[in-house]
Amino acid sequence: MKSDLVEVCLLGKTVGLKGSLRLHNRSDFIEQYKKGAKFYDKFGNIFSIKSYEPSNSLVIFDGFDSIEKAKELVNRTLYRTIEDTKKSCKLKKDEYFYFDIIGSDIYESGVLLGKIDDILEVGAGYLLSVKTDKSILSQKLAKQFYIPYQDNFIIKVDTNNKKIDVKNSMDILLNS
């Protein structure tokens, strides 16, 4: 599988006789599912959308417009290239793609606290999952801790340098 792919959806069961599949979106960008949009599976196969109905999350792919053909795609995970994702998904101010945030170093007052290894969506927002840096693990701190993605913790996000400046996060680490 290409390394520049991002998981965007899982295809569910077939619906009706014309090759419709239930699309389970795993991204924040529903607008990427439109006629002609190209997706990939883990084997590198390309799938192009023939039609998409957002009201009931049903998709039909070119060449898979019968129930028999569509059944071949049930439970398949689909991906998009990072480049296609950035072109088709428009971000608002202070919004970032997960792939631009994961892997970023977390700094508080110039001290490296760790590296983001995941982002969790919780009821009230998002949590940055941080793997504590080895340089401060000797202080018998938690190997993993979570920082809420909120203004009272996040100071600055620099996706170009994969660096996030935070505040009040050392307290979270010390109490984890």
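Residues numbered from 1 in each chain as written. Predicted model: local features only at pLDDT ≥ 70, side-chain atom pairs only at ≥ 80, totals over all residues. Heavy atoms only, no water.

Help me understand the side chain of aspartate 158 in this model?
Mapped onto the fold, aspartate 158 is located in strand 11 (residues 154–158). Buried charge aspartate 158 goes without a salt bridge, the closest partner of opposite sign being lysine 156 at 5.0 Å. Among the polar contacts made by the side chain of aspartate 158, one reaches the side chain of asparagine 161 at a distance of 2.7 Å. (Helix = DSSP H or I, 4+ residues; strand = E, 2+ residues; numbered from the N terminus. Buried < 20%, exposed > 50% of the residue type's maximum accessible area, 1.4 Å probe, protein only. Lys, Arg positive; Asp, Glu negative; His and termini not counted. Salt bridge = Lys/Arg side-chain N within 4 Å of Asp/Glu carboxyl O. Polar contact = N/O pair within 3.5 Å; in protein donor to acceptor, adjacent residues only side chain to side chain.)

Is there a simple way to explain the layout of surface pockets in this structure?
Empty space among the atoms becomes visible once a probe the size of a water molecule is rolled across them. If you add up the space inside the largest pocket, you get close to 620 Å³. Together, 24 residues line the largest pocket, and Asp28, Phe29, Tyr96, Tyr98 and Tyr126 are the ones closest to its centre. Each residue belonging to the lining of the largest pocket can be placed in one class, and the counts come to 13 nonpolar, three polar and eight charged. (1 Å grid on protein atoms, 1.4 Å probe; cavity = no way out; pocket = protein on both sides within 12 Å on 5 of 7 lines; lining within 4 Å. Points joined across faces, edges and corners; volume = space filled by probe spheres on them. Nonpolar A, V, L, I, M, F, W, Y, C, P; charged D, E, K, R; others polar.)

What should I look at first to understand unusual backbone geometry in this one?
Glycine aside, residues mostly have negative phi, and peptide bonds are mostly found in the trans state. Backbone geometry at lysine 140 places phi at a positive 60°, although glycine is not the residue there. By relative accessible area, which is 78% here, lysine 140 ends up exposed. Phi angles above zero are rare outside glycine, and lysine 162 is one such case at about 50°. Within the element layout of this structure, lysine 162 appears in the loop between strand 11 and strand 12 (163–166).

Would you mind going over the packing of aromatic side chains with me for this structure?
How two aromatic rings sit relative to each other is set out by the distance from centre to centre and by the angle between their planes. Within this structure, the stated rule accounts for seven aromatic pairs. For the pair phenylalanine 47 and phenylalanine 61, a centre-to-centre distance of 6.0 Å together with 70° between the ring planes defines the contact as edge-to-face. In this pair, phenylalanine 47 sits in strand 4 (residues 46–53) while phenylalanine 61 sits in strand 5 (residues 58–61), placing the two residues 14 residues apart along the sequence. Side by side, phenylalanine 47 and phenylalanine 61 carry an identical accessibility label, which is buried. The interplanar angle of 5° and the centroid separation of 4.9 Å between the aromatic rings of phenylalanine 97 and phenylalanine 99 together place this pair among those described as stacked. Given the relative accessible area of 6%, phenylalanine 97 is considered buried. (Phe/Tyr/Trp six-rings, centres within 6.5 Å; stacked < 30°, edge-to-face > 60°.)

Would you take a moment to explain the sheet that holds strand 12 for this structure?
Where strands meet in a sheet, backbone hydrogen bonds hold them as pairs that are either parallel or antiparallel. Spatial strand order, 10-9-8-7-12-11: six strands in an open sheet with mixed pairing. A single partner strand is all that each edge strand has here, and the edge strands are strand 10 (144–148) and strand 11. Across the sheet, the mean angle from the axis of one strand to that of its neighbour is 35°, orientation sign disregarded. Pairing geometry for strand 9 (residues 125–132) and strand 10, over five bridges, is antiparallel. Residue pairing in the sheet places lysine 131 in a bridge with glutamine 144 of strand 10. (Pairing = 2+ DSSP bridges. Axes fitted to C-alpha atoms, helices over the stretch in contact; angles between N-to-C directions.)

Would you explain the nonpolar core in this entry?
Generally speaking, nonpolar side chains in soluble globular proteins are found buried as a group. Counting 18 residues, the largest nonpolar core has Ile106, Ile116, Leu128, Ile147 and Ile164 as its most contacted members. Tallying contributions element by element places strand 8 (residues 111–122) first for this core, with three residues. Those residues in contact with isoleucine 106, other than ones at most four positions away along the chain, are Val111, Leu112, Leu113, Gly114, Ile116, Val130, Ile147, Ile164 and Val166. In terms of nonpolar packing, the next biggest core, distinct from the first, is built from 17 residues, Val8, Leu21, Tyr33 and Val59 among them. (Core = buried A, V, L, I, M, F, W, Y, C linked by side-chain atoms within 4.5 Å. Contact = heavy atoms within 4.5 Å.)

Sorry if this is basic, but what is going on with the environment of leucine 127 here?
As for its position among the elements, leucine 127 is in strand 9. Its relative accessible area of 22% is what places leucine 127 among the partly exposed residues. As a C-alpha pair, leucine 127 and phenylalanine 43 span 84 residues in sequence and 32 Å in three-dimensional space. Ignoring any residue separated from it by four or fewer positions in sequence, one finds leucine 127 in contact with Asp118, Ile119, Leu120, Val122, Tyr146, Ile147 and Pro148.

What should I look at first to understand the UniProt feature "domain: RimM N-terminal" (unreviewed entry) in the protein in this one?
Look at the UniProt record and you will see "domain: RimM N-terminal" (unreviewed entry) annotated at residues 11–80. Here residues 11–80 is 6% helix and 43% strand, with 14 Å between the C-alpha atoms at its ends. (UniProt positions renumbered as here; feature names shortened; annotations may be inferred.)

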